[in-house]
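The chain contents come next:
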Amino acid sequence: MPVIVLCSTKGGVGKSTTALVLAQVYAAAGSSVTLIDADPNQPLATWASRFGDSVPKQLEVMGGINEESIVDAIDTAAEKCPFVIVDLEGSANLTASYAISRADLVLIPMRGKQLDADQAGRVIALIERESKAFRRKIDYRVVFSMTTALQSREQRHIRTTLEEKGIPILPASMMERAAFSAMFQLGGTIFDLSEEDVSNPRTAQENAQQLATAVIETLREQETAAA
Ligand SMILES: Nc1ncnc2c1ncn2[C@@H]1O[C@H](COP(=O)(O)OP(=O)(O)O)[C@@H](O)[C@H]1O
Ligand SMILES: [Mg+2]
């Protein structure tokens with residue numbers, strides 16, 4: 001169980017990075033994790049095949065998943081695996097709809113930019129339509145990605161607008177850190193990176209932990225609310 005789906009209709013907002021970081025934290029904590037790469041560009045499957053030796057044993061990456069195979073892939077993985085994380089391409093296609101239909105939590109990464117916020121609104125509308133169609137509340141959170149210590153005015157304004165609209169925001173954000181892009185270049189996980197590879201790997205590792213904890217706490221709140 002839980003099925004966590006990374007979705008946005010926009011590319012380049014940090015879906016694949018966030019999916020991989022969450023998977024790495026849960027795997028490092030000893031859980032087995034299935035990471036389903038349902039993006040035809042296969043960023044995560046490429047990472048896994050390119051750097052196979054440094055992929056943690058608890059982490060299985062399933063590539064080549066499309067609209068025909070996604071539901072079975074999620075259901076099979078969820079039966080045997082404590083964490084299933086699904087990465088999608090930036091498009092509101094059938095694969096995304098099917099993945100959302102199976103999600104315990106949809107994470108919608110966005111940078112603090114108006115264009116991202118507009119696209120996040122489209123994903124939220126899609127999730128709400130699916131909730132109605134399946135008569136099941138599908139929970140979601142916006143995740144601010146690639147944030148910097150100094151928030152821009154645009155970023156602050158977007159956060160306030162989301163809050164005013166009652167759109168739930170994950171209490172932890174993904175900071176912009178060299179470590180988060182270096183794992184795609186150097187392979188392995190953010191926990192393998194040293195000061196020689198990137199500056200401040202520790203800060204990125206701590207941020208990854210905070211993000212993963214916030215996701216777990218959100219899933220727990222859901223369980224409590226359902227009980
Ligand atoms: N938190 C981050 N810190 C630094 N670089 C990031 C971060 N998140 C994403 N990136 C970089 O931004 C680009 C887009 O990220 P990606 O995760 O591929 O987005 P998406 O999957 O939404 O298309 C990539 O080059 C990635 O390395
Ligand atoms: Mg991606």
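Quick note: structure is the one above.
Presented here is a report on the structure given in the accompanying data block.

Basis of the calculations
- Residues numbered from 1 in each chain as written.
- Chains lettered and ligands numbered in written order.
- Predicted model: local features only at pLDDT ≥ 70, side-chain atom pairs only at ≥ 80, totals over all residues.
- Heavy atoms only, no water.
- Axes fitted to C-alpha atoms, helices over the stretch in contact; angles between N-to-C directions.
- Helix = DSSP H or I, 4+ residues; strand = E, 2+ residues; numbered from the N terminus.
- Parallel < 35°, antiparallel > 145°, perpendicular 65-115°, else oblique.
- Contact = heavy atoms within 4.5 Å.
- Nonpolar A, V, L, I, M, F, W, Y, C, P; charged D, E, K, R; others polar.
- Expected span 1.5 Å × (residues − 1).
- Near = heavy atom within 4 Å.
- Polar contact = N/O pair within 3.5 Å; in protein donor to acceptor, adjacent residues only side chain to side chain.
- Areas by Shrake-Rupley, 256 points an atom, 1.4 Å probe, with all protein chains shown as cover.
- Salt bridge = Lys/Arg side-chain N within 4 Å of Asp/Glu carboxyl O.
- Buried < 20%, exposed > 50% of the residue type's maximum accessible area, 1.4 Å probe, protein only.
- Patch = residues over 30% accessible without salt bridge, like charges linked within 9 Å, V, L, I, M, F, W, Y side chains within 5 Å.
- Lys, Arg positive; Asp, Glu negative; His and termini not counted.
- Charge placed at Lys NZ, Arg CZ, Asp CG, Glu CD.
- Pairing = 2+ DSSP bridges.
- Phe/Tyr/Trp six-rings, centres within 6.5 Å; stacked < 30°, edge-to-face > 60°.

Brief notes about the packing of helix H1 (residues 15-28) against helix H8 (residues 201-226)
Logical step 1: At a minimum axis separation of 9 Å, H1 and H8 run at an interaxial angle of 85°. If you check the angle between H1 and H8, you find them roughly perpendicular. In this structure, H1 uses Thr-18, Val-21, Leu-22, Val-25 and Tyr-26 to contact H8, whose residues at the interface are Ala-208, Gln-209, Leu-211, Ala-212, Val-215 and Ile-216.
Logical step 2: The class makeup of the residues in the contact of H1 with H8 is nine nonpolar, two polar and no charged.

A look at helix H6 (residues 153-164)
Logical step 1: Compared with an ideal rise of 1.5 Å per residue, which puts 12 residues at 16 Å, H6 spans 16 Å between its outermost C-alpha atoms and is within 8% of the ideal.
Logical step 2: Buried residues belonging to H6 abut strand E5 (105-110), helix H5 (114-134) and strand E6 (140-144).

Details of the site of ligand 1
Logical step 1: Close contacts around ligand 1 come from 14 residues, with Gly-12, Lys-15, Ser-16, Thr-17 and Met-175 the closest.
Logical step 2: Interatomic distance of 3.1 Å between a backbone N/O atom of Val-13 and an oxygen atom of ligand 1.
Logical step 3: Measuring from an oxygen atom of ligand 1, one finds a backbone N or O atom of Ser-16 at 2.9 Å.
Logical step 4: For ligand 1, whose free accessible area comes to 550 Å², the fraction covered by protein is 74%.
Logical step 5: For the shell around ligand 1, the element with the highest residue contribution is H1, accounting for three residues.

What about the pattern of salt bridges?
Logical step 1: Enumeration over the complete set of coordinates arrives at seven salt bridges.
Logical step 2: As a salt-bridge pair, Glu-206 and Arg-202 come within 3.5 Å of each other at their nearest N and O atoms. Taken together, the residues Glu-206 and Arg-202, both in helix H8 and four residues apart, mark about one turn of the helix.
Logical step 3: One salt-bridge network, in which partners are shared between bridges, spans Lys-10, Arg-111 and Asp-116.

Concerning the environment of Ser-199
Logical step 1: Within the secondary structure, Ser-199 sits in the loop between helix H7 (178-186) and H8.
Logical step 2: Accessibility expressed as a relative area gives 53% for Ser-199, which makes it exposed.
Logical step 3: The sequence separation of Ser-199 and Ala-179 amounts to 20 residues, and the corresponding C-alpha distance is 7.7 Å.

Considerations on the environment of Val-123
Logical step 1: If you trace the backbone, Val-123 turns up in helix H5.
Logical step 2: A sequence separation of 15 residues divides Val-123 from Ile-108, and the C-alpha atoms of the two residues are 7.7 Å apart.
Logical step 3: Discounting residues that sit within four places of it in the chain, Val-123 has contacts with Cys-7, Ser-8, Thr-9 and Ile-108.

Points about a negative patch on the surface
Logical step 1: On the surface, a cluster of negative charge is contributed by Asp-192, Glu-195, Glu-196 and Asp-197.
Logical step 2: Turning to its location among the elements, Glu-196 is positioned in the loop between H7 and H8.

Things to note about the sheet that holds strand E1 (residues 3-6)
Sheet strands pair by backbone hydrogen bonding; their relative direction is either parallel or antiparallel.
Logical step 1: If you walk across this open sheet you meet the six strands as E3-E2-E4-E1-E5-E6, and the pairing is parallel. Every other strand in the sheet has two partners, leaving strand E3 (59-62) and E6 as the edge strands with one partner each. Adjacent strand axes in the sheet meet at a mean angle of 20°, parallel and antiparallel pairs treated alike.
Logical step 2: In the sheet, strand E2 (residues 33-38) pairs with E3 via four bridges, with the strands oriented parallel.

Here's the deal with the packing of aromatic side chains
Logical step 1: One pass over the structure, following the stated rule, counts one aromatic pair.
Logical step 2: Judged by centre distance (4.1 Å) and plane angle (5°), the rings of Tyr-26 and Phe-83 are stacked. Taken together, the residues Tyr-26 in helix H1 and Phe-83 in strand E4 (residues 83-88) connect sequence positions 57 residues apart.
Logical step 3: By relative accessible area, Phe-83 is classed as buried at 9%.

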